[in-house]
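Spelled out from the first residue to the last, the chains are:
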Amino acid sequence: MKKEELKELLKDMSLKEKIGQMLQLMGVFFLEDADSVLTGPWQSLGIEEEDIRTAGSILGTYGADTLMKIQKAYMEKQPHHIPMLFMMDVIHGMKTIFPAPLGLGAAFDPELAERCAAVAAKEASVSGLHVVFSPMADLVRDARWGRVMESTGEDPYLNGRYAQAQVKGFQGEDMGQPYKVCSCIKHFAAYGGAEAGRDYNTVELSEHTLRDFYLPAYKAGIDAKAGMVMTSFNTVNGIPASTNRWLMRDILREEMGFDGVLISDFSAIMETIAHGYSADEKDAAKKALEAGVDIDMMTGVYAGNLCKLVEEGEVEEAQIDECVLRILELKNRLGLFENPYKDADPKKEKTVVLCEEHRRLAREAAAKSFVLLKNEGILPLDATKKIAFIGPYTNNKEIISSWAVTGNVSDCVTMEEAAREVLDTVHTTYHAGSPMLENEYELIGFGGILAHDVSEAEQQKMLAEAVAAAKEADIVIMPLGEHYQQSGEASSRAMIDVPEVQMRLLREVAKVNENIVVVLFSGRPLDIRELSRTAKAVLEVWFPGTEGGHAIMDVLTGKVNPSGKLSMSFPYCVGQIPVHYDAYSTGRPDLEGKKEKFRSKYQDIPNEPLYPFGYGLSYTTYEISPVSLSSEVLTDEGLVEASVKIKNTGKAAGTEVVQLYIQDITASVVRPVKELKGFQKVELAPGEEKSVTFVIEEPMLRFLRADGTVGSEEGKFHLWIGCDSMTENMAELQYSCKRK
Ligand code: BGC
């Protein structure tokens, strides 16, 4: 449809019908047994039958057959036969589940993330979906927050590259094309800054930090033309994001140029009442509308109040028209007016979903996301040895994370299943060794408190069997980690350790066998001081997804050489949080090796994290030459090439992520001690040497100044090229501005 036609359509719609477009409900309202829903608890939302008839979108239901039926029945009743939008959380895959985003970030490979998003889009679109609530572009610095798992990490540049790549993967050049869906960037803004890592908690940031660190990744996704943005639950500058006019109108729409559909997070408009910001639902509806929020997710706040507000002259109908036109435009971009079912196809759904090609990509992505944190020569595995697998993840299919709601654990390949394909069947043994969690650990899942009761006697038996197997083995592989429900939404933890019951298992095994390799499953950086002291090797595998088992065995056996790098620092301990590599410089930095009192440091722990951002080992070793610059002076009219030579000095072929960091050492506002400005993945055969060059140009030196302008300033810069954020391989660069 042409824009003019959409406007004509809008003119013809009744106010009630328009407001319907701004209501999003769950799919359950549209299923055959919807009557029970209407008379049930949802009635308290104030949703009437007429609202359902005109609701513009639904979330949380998928499946080509179901959605086609819903669409058909809905369009017959909708006064103008306007199609409905189907949305869903497809966070790291639809049915083929890729590694959790924090792991995908650790691959330092946006192009890989783009391919994964394209596959997710294909599976989602044949299953009838039009919009995916992804990527989450929130910057994260606090590992206590359960949702760090959904982020690609602590760095604005890396997150931006990923946001851009994923939007491209989901939408392609044109989201109306086959197998493409609309991408929704979330959660605008700064949701990742929840105080003390407690989900839904207040975010307290200076505007400078908000703009400097938190906004760039959303902006990158918006520049990539994401069709939707989701608000966040938190306040920004004391005002809940979903009713924050400054944030949504001035920053998101005016400054960032976002012209797509803005949706509230789940009931977030309503929650502004609990925040003590809106007096009641009517007030909340008015404020959210004024902020330009187009769709109210899952409450009746808009549906129940906007009509009244217009009738009473409290809001202009034109404000509603503005929102509805954006929603119609999105439906039009997706081509729904011409084909309301888009790619929904029950037959294709069966062949496309989880096909071999998709599984292959899941295996590749997972292997690339793993980070080898420690290795004292024990990996890759010597398959001629006697190996015992001991740990609750040995044969556990729950490896797709709590935010893979469309995925099925039954489709996952466990470590044991994969190991049986490649290891000796006589000398290899498999044991859970312990339950995942202590019986006392209270885990509240979707359906209430999750039971995990294993009797004391059973636990003793598991332990005894594991210890006996460890005694017999040459090498013990211990798949340990968080329960998948310990991270994700509403899964904050104050103690970010491996569950104690598993640590007890590790200690007992270590008493009889010191050749321990821990394969660590987690949705966040954990406090692994003791674990990494005890084990000879630690491989972080996050929640690796459907092909997790295969990918882990690929890496353990050396078929794939690990190349992942942490996209979020592993703290030394919780007391150090927030710990991130790009901290602002202080006036009293700790001086390495000098024991001075009046320095910015702790008495009892180091300043440095246990494993820093950008860190990850390989089965080979690399040597990097000092940085060489094509010129020591950069001007705004030219460029400088910064190069290193990197050599594979070990015996295995490998891929290294070469990272470029810059520090502005005299600026009109204090700058971070290091900022990632580029990275390149370099493949090297044993003995091979390659040159890696980064082009340094003036825009890379820009930053946000105190007066709100963004620009670069003359002076001296430090520039590092190395293999992690602690690199000391540094050169100095002078920047001078010619065009004054
Ligand atoms: C989450 C969002 C999600 C939405 C819809 C909310 O609770 O914060 O990230 O997209 O639910 O499922």
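Rules behind the numbers
- Residues numbered from 1 in each chain as written.
- Predicted model: local features only at pLDDT ≥ 70, side-chain atom pairs only at ≥ 80, totals over all residues.
- Heavy atoms only, no water.
- Pairing = 2+ DSSP bridges.
- Helix = DSSP H or I, 4+ residues; strand = E, 2+ residues; numbered from the N terminus.
- Axes fitted to C-alpha atoms, helices over the stretch in contact; angles between N-to-C directions.
- Buried < 20%, exposed > 50% of the residue type's maximum accessible area, 1.4 Å probe, protein only.
- Expected span 1.5 Å × (residues − 1).
- Right-handed = clockwise from strand over helix to strand, strands pointing away.
- Phe/Tyr/Trp six-rings, centres within 6.5 Å; stacked < 30°, edge-to-face > 60°.
- Lys NZ or Arg CZ within 6 Å of the ring centre and 35° of its normal.
- Contact = heavy atoms within 4.5 Å.
- pLDDT = per-residue confidence, 0-100.
- Core = buried A, V, L, I, M, F, W, Y, C linked by side-chain atoms within 4.5 Å.
- Near = heavy atom within 4 Å.
- Polar contact = N/O pair within 3.5 Å; in protein donor to acceptor, adjacent residues only side chain to side chain.
- Areas by Shrake-Rupley, 256 points an atom, 1.4 Å probe, with all protein chains shown as cover.
- Nonpolar A, V, L, I, M, F, W, Y, C, P; charged D, E, K, R; others polar.

### Let's talk about the sheet that holds strand β17 (residues 516-521)
One key point about sheets: their strands pair by backbone hydrogen bonds, in either a parallel or an antiparallel sense.
Next up, step 1: An order of β11-β18-β17-β16-β12-β13 is seen for the 6 strands of this open sheet, with the pairing classed as mixed. Two strands in the sheet have a free side with no partner beyond their single neighbour: β11 (371-375) and β13 (429-431). Recorded for the sheet is a direction-independent mean angle of 15 degrees between the axes of neighbouring strands.
Next up, step 2: Of the strand pairs in this sheet, strand β12 (residues 387-390) and strand β16 (residues 475-481) are connected by 3 bridges, and their pairing is parallel.

### So, unusual backbone geometry
Next up, step 1: The omega torsion of the bond from Leu-379 to Pro-380 falls at 0 degrees, within 30 degrees of zero and hence cis.
Next up, step 2: Mapped onto the secondary structure, Pro-380 falls in the loop between β11 and β12.
Next up, step 3: Cis geometry marks the peptide bond from Ile-577 to Pro-578; its omega dihedral reads 0 degrees.
Next up, step 4: Relative to the helices and strands, Pro-578 resides in the loop between α21 (548-556) and β19 (622-624).
Next up, step 5: Non-glycine residue Lys-225 carries a positive phi angle of around 75 degrees.
Next up, step 6: Turning to its location among the elements, Lys-225 is positioned in the loop between α9 (207-223) and β6 (228-231).
Next up, step 7: For Lys-225, a relative accessible area of 56% gives the class exposed.
Next up, step 8: For Ser-401, which is not a glycine, the phi torsion comes out positive at approximately 80 degrees.
Next up, step 9: Relative to the elements of secondary structure, Ser-401 occurs in the loop between β12 and α17 (415-422).

### Looking at helix α7 (residues 110-126)
Next up, step 1: Helix length check: α7, at 17 residues, gives a terminal C-alpha distance of 24 Å against a target of 24 Å (1.5 Å per residue), a fit within 8%.
Next up, step 2: For α7, the tally of buried residues reaches 12 of 17 residues, placing the bulk of the element in the interior.
Next up, step 3: Along α7, the residues classified as buried are Pro-110, Leu-112, Ala-113, Cys-116, Ala-117, Val-119, Ala-120, Ala-121, Glu-123, Ala-124, Ser-125 and Val-126.
Next up, step 4: Two residues or fewer past α7, Gly-128 is found with a positive phi of approximately 95 degrees.

### As for the pairing of β12
Next up, step 1: The two faces of β12 match: Ile-387 and Phe-389 on one face and Ala-388 and Ile-390 on the other face are all buried.
Next up, step 2: Relative to β13, β12 runs parallel, the two sharing 3 bridges. Opposite Phe-389, over in β13, you have Tyr-430 as the bridge partner.
Next up, step 3: Between the parallel pair β12 and β13, the chain is carried across by α17, and the sense of this crossover is right-handed.

### Quick notes on the packing of aromatic side chains
Next up, step 1: For the structure shown, the criterion picks out 16 aromatic pairs.
Next up, step 2: Measuring from centroid to centroid gives 6.1 Å for Tyr-157 and Phe-679, while their planes differ by 80 degrees, and the two rings are edge-to-face. Separated by 522 residues along the polypeptide, Tyr-157 in helix α8 (residues 156-171) and Phe-679 in strand β24 (residues 675-684) bring together distant segments of the chain.
Next up, step 3: Judged by its relative accessible area of 27%, Tyr-157 falls in the partly exposed class.
Next up, step 4: Given a relative accessible area of 8%, Phe-679 falls into the buried group.
Next up, step 5: Between Phe-213 and Tyr-584, the ring centres sit 5.4 Å apart and the planes meet at 70 degrees, which makes this aromatic pair edge-to-face. Pair noted here: Phe-213 is in helix α9 and Tyr-584 is in the loop between α21 and β19, with a separation of 371 residues, a long-range link.
Next up, step 6: The ring of Trp-403 carries Lys-186 above its face, with NZ or CZ at 5.5 Å from the centroid.

### Remarks on the environment of Leu-9
Next up, step 1: Looking at the secondary structure, you find Leu-9 in helix α1 (residues 3-12).
Next up, step 2: With a relative accessible area of 13%, Leu-9 lands in the buried category.
Next up, step 3: Contact partners of Leu-9, with chain neighbours within four places excluded, come to Met-1, His-80, Ile-82, Leu-328 and Phe-337.

### Examining the confidence of the model for the protein
Next up, step 1: Taken as a whole, the protein shows an average pLDDT of 96; of its residues, 98% reach a score of 70 or greater.
Next up, step 2: Predicted confidence in the protein is weakest over helix α3 (residues 34-39), with a mean pLDDT of 54, and strongest over strand β18 (residues 537-540), with 99.

### Some points on the nonpolar core
Next up, step 1: Core analysis: the biggest nonpolar cluster contains 102 residues, and Phe-30 and Phe-188 have the highest contact counts within it.
Next up, step 2: In contact with Phe-30, other than residues within four places in its own chain, are Leu-25, Ile-52, Ala-55, Ile-58, Ile-70, Tyr-74 and Met-84.
Next up, step 3: Judged by nonpolar contacts, the second largest core, of 44 residues, contains Ala-367, Phe-370, Val-517 and Phe-543.

### Thoughts on the site of the ligand
Next up, step 1: Around the ligand, the structure places 13 residues, and the nearest of them are Asp-89, Arg-147, His-187, Asp-265 and Glu-489.
Next up, step 2: Interatomic distance of 2.4 Å between a side-chain N/O atom of Asp-89 and an oxygen atom of the ligand.
Next up, step 3: The contact in question runs from an oxygen atom of the ligand to an N or O atom on the side chain of Arg-147, over 2.7 Å.
Next up, step 4: For the ligand, whose accessible area on its own is 310 Å², the fraction buried by protein is 91%.
Next up, step 5: Here the shell around the ligand is composed, by residue class, of 7 nonpolar, 1 polar and 5 charged.

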